[in-house]
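Take a look at the letters that make up each chain.
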Amino acid sequence: MLHLTPAVTIYILTLSALFGLVSGSFANCCAWRMAHGESAAKGRSHCVACGHTLSPRELIPVISWVVQKGRCRHCGAPVSIRYPLTEGFTAIAFVLIVLRYDVTLNTLQFWILTAVLLTIALVDLETGYIPDSLVLGIALDFTVVTALRGGPFWSLWLKGVFNAAAVALPLLGLVLLMDRVLGRESMGGGDIKLFFAIGLFSHWSCNLFTLLLSCFLGIAFALIFRGVCTEDGEGAFPFGPAIAAAAFLSILAAEPAVQAYLSLF
Ligand SMILES: [Zn+2]
């Protein structure tokens, strides 16, 4: 459907980018509220510094930030560049997903997954904690879209659970063993639950790819940001953002990457 005519292509890509901007804005807002103990769904958005309720024209993704030169229109307090950056990133992410999966249920499922992963990464960065509600949100995304597919629901659903467990359970065993040996927590429980949830969507071989990729990214992030975020000791840099980034890259490229790897033998 994406390549029906050039006009249709442009229309779908533009709409996807707009959905991405709005979803990125929403994810940002939810993440901030969760990290600061506010209800994610209730109440209107407000300035973090002065509490002034934001009007619709102050809530336009990216544009409001640029027009207001990165400051609150009311009190002049700086508004983090994290907002326009993540909104722009989500727009690009949504376009890449629709280019990869066309107008399908897969695209819908991965759009939602991307928005939740972004929320998880932001909350984990700020608090070092992955909320169970967000991990459940991913499982719900999988369950609802599986029901919408109209195939044999339980068989598709159990297949997802099998693919998730095939990587998450051995990982859990390994982590428990490592905790025993090291005498401290080697990986957070939230990280393992997150691996299980994202594993629902793909074949276990792709989930293994996601796991390996997240380890590489986790090490890279820790090395790059070590000086910035870890005042309270080594290895305190949260793993969630690396898992989220790896899961997103896997949405786009895990299948071809695994196939290319298998074709070597
Ligand atoms: Zn303000």
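Owing to the predicted nature of the structure, the values given are computational and were not obtained by experimental measurement.

**Let's talk about a nonpolar patch on the surface**
Link 1 in the chain: Together, Leu108, Ile112, Leu140, Val144 and Leu148 make up a nonpolar patch on the protein surface, roughly 430 Å² of accessible area in all.
Link 2 in the chain: Elements that contribute at least two residues to the nonpolar patch include exactly helix H4 (105-127) and helix H5 (132-149).
Link 3 in the chain: Here the nonpolar patch takes three residues from H5, the largest share from any one element.
Link 4 in the chain: Within the secondary structure, leucine 148 is located in helix H5.
Link 5 in the chain: Look at leucine 148 and you get exposed, because its relative accessible area is 52%.

**Quick notes on the UniProt feature "domain: Prepilin type IV endopeptidase peptidase" (unreviewed entry) in the protein chain**
Link 1 in the chain: In the UniProt entry, the feature "domain: Prepilin type IV endopeptidase peptidase" (unreviewed entry) is given for residues 111-223.
Link 2 in the chain: Segment residues 111-223 splits into 85% helix and 0% strand. End C-alpha atoms: 29 Å apart.

**Observations concerning the coordination of the zinc ion**
Octahedral metal centres with six donors ideally show angles of 90 or 180 degrees, and tetrahedral centres with four donors ideally show 109.5 degrees.
Link 1 in the chain: Looking at the zinc ion, the protein donor atoms are Cys47 (SG), Cys50 (SG), Cys72 (SG) and Cys75 (SG), and they sit 2.3 Å from it.
Link 2 in the chain: Taken together, the four donor atoms coordinating the zinc ion and their angles of 103 to 120° define a geometry best described as tetrahedral.
Link 3 in the chain: Read from N- to C-terminus, the donor residues coordinating the zinc ion fall into the pattern C-x2-C-x21-C-x2-C.

**Details of the packing of helix H1 (residues 6-35) against helix H3 (residues 82-101)**
Axis angle and axis distance: for two packed helices, these are the angle between their axes and the distance between the axes, and together they describe the pair.
Link 1 in the chain: Relative orientation of the contacting elements H1 and H3 amounts to 135°, with a least axis distance of 7 Å. Here H1 is positioned oblique relative to H3, judged by the angle of their axes. In the packing of H1 onto H3, the handedness of the crossing is right-handed.

**Concerning the packing of H5 against helix H6 (residues 153-182)**
Link 1 in the chain: Direction vectors running N to C along H5 and H6 enclose 145°, while the axes themselves pass 9 Å from each other. The chirality of how H5 crosses H6 is right-handed. Packed against H5, whose contacting residues are Phe142, Thr143, Thr146 and Ala147, the element H6 presents Phe153, Leu156, Trp157 and Gly160 at the interface.
Link 2 in the chain: When its residues are assigned to classes, the contact of H5 with H6 shows five nonpolar, three polar and no charged.

**Comments concerning the packing of aromatic side chains**
Link 1 in the chain: Considering all chains together, one arrives at ten aromatic pairs under this definition.
Link 2 in the chain: Consider the rings of phenylalanine 153 and tryptophan 154, whose centres lie 5.0 Å apart with planes at 75°: the pair is edge-to-face.
Link 3 in the chain: Exposure remark for tryptophan 154: the relative accessible area of 57% places this residue in the exposed category.
Link 4 in the chain: Here the aromatic rings of tryptophan 154 and tryptophan 157 are separated by 5.6 Å at their centres, their planes lie at 80°, and the arrangement is edge-to-face. Placement of both tryptophan 154 and tryptophan 157 in helix H6 is noted, with a separation of three residues, approximately one turn of the helix.
Link 5 in the chain: Among the aromatic side chains, those forming a connected cluster through ring pairs are Tyr101, Phe110, Phe142 and Phe201.
Link 6 in the chain: Directly above the ring of tyrosine 83 sits arginine 82, whose terminal nitrogen or CZ lies 5.4 Å from the centroid.
Link 7 in the chain: Between the NZ or CZ atom of arginine 100 and the centre of the ring of tyrosine 101, over which it lies, the distance is 4.6 Å.

**Some thoughts on H1**
Link 1 in the chain: Compared with the 44 Å implied by 1.5 Å per residue over 30 residues, the 43 Å span of H1 between its first and last C-alpha is a close match.
Link 2 in the chain: Among the residues trailing H1, glycine 37 stands out with phi positive, at a value near 70°.

**Regarding the pattern of salt bridges**
Link 1 in the chain: Enumeration according to the criterion identifies three salt bridges in this entry.
Link 2 in the chain: In this structure, arginine 73 engages glutamate 58 in a salt bridge whose closest nitrogen and oxygen atoms are separated by 3.5 Å. In this pair, arginine 73 is assigned in the loop between helix H2 (63-67) and H3 and glutamate 58 in the loop between H1 and H2, connecting sequence segments 15 residues apart.
Link 3 in the chain: For glutamate 58, a relative accessible area of 8% corresponds to the buried category.
Link 4 in the chain: Its salt-bridge partner being arginine 82, residue glutamate 126 comes within 3.1 Å of it at the nearest N-O pair. Taken together, the positions of glutamate 126 in helix H4 and arginine 82 in helix H3 put the pair 44 residues apart, joining distant regions of the chain.
Link 5 in the chain: A relative accessible area of 18% places arginine 82 in the buried class.

**Section: the environment of alanine 77**
Link 1 in the chain: Within the element layout of this structure, alanine 77 appears in the loop between H2 and H3.
Link 2 in the chain: By relative accessible area, alanine 77 is classed as buried at 17%.
Link 3 in the chain: Counting along the chain gives 28 residues from alanine 77 to alanine 49, while the straight-line C-alpha distance between them is 6.4 Å.
Link 4 in the chain: Among residues more than four places away in sequence, those in contact with alanine 77 are Ala49, Gly70, Arg71 and Cys72.

Thresholds applied
Residues numbered from 1 in each chain as written. Predicted model: local features only at pLDDT ≥ 70, side-chain atom pairs only at ≥ 80, totals over all residues. Heavy atoms only, no water. Patch = residues over 30% accessible without salt bridge, like charges linked within 9 Å, V, L, I, M, F, W, Y side chains within 5 Å. Areas by Shrake-Rupley, 256 points an atom, 1.4 Å probe, with all protein chains shown as cover. Salt bridge = Lys/Arg side-chain N within 4 Å of Asp/Glu carboxyl O. Helix = DSSP H or I, 4+ residues; strand = E, 2+ residues; numbered from the N terminus. Buried < 20%, exposed > 50% of the residue type's maximum accessible area, 1.4 Å probe, protein only. UniProt positions renumbered as here; feature names shortened; annotations may be inferred. Donors = N, O, S within 2.8 Å, 3.2 Å for Na, K, Ca; no water. Tetrahedral: all angles 85-135°; square planar, octahedral: opposite > 155°, others 65-115°. Axes fitted to C-alpha atoms, helices over the stretch in contact; angles between N-to-C directions. Parallel < 35°, antiparallel > 145°, perpendicular 65-115°, else oblique. Left-handed = near helix turned anticlockwise from the far one by under 90°. Contact = heavy atoms within 4.5 Å. Nonpolar A, V, L, I, M, F, W, Y, C, P; charged D, E, K, R; others polar. Phe/Tyr/Trp six-rings, centres within 6.5 Å; stacked < 30°, edge-to-face > 60°. Lys NZ or Arg CZ within 6 Å of the ring centre and 35° of its normal. Expected span 1.5 Å × (residues − 1).

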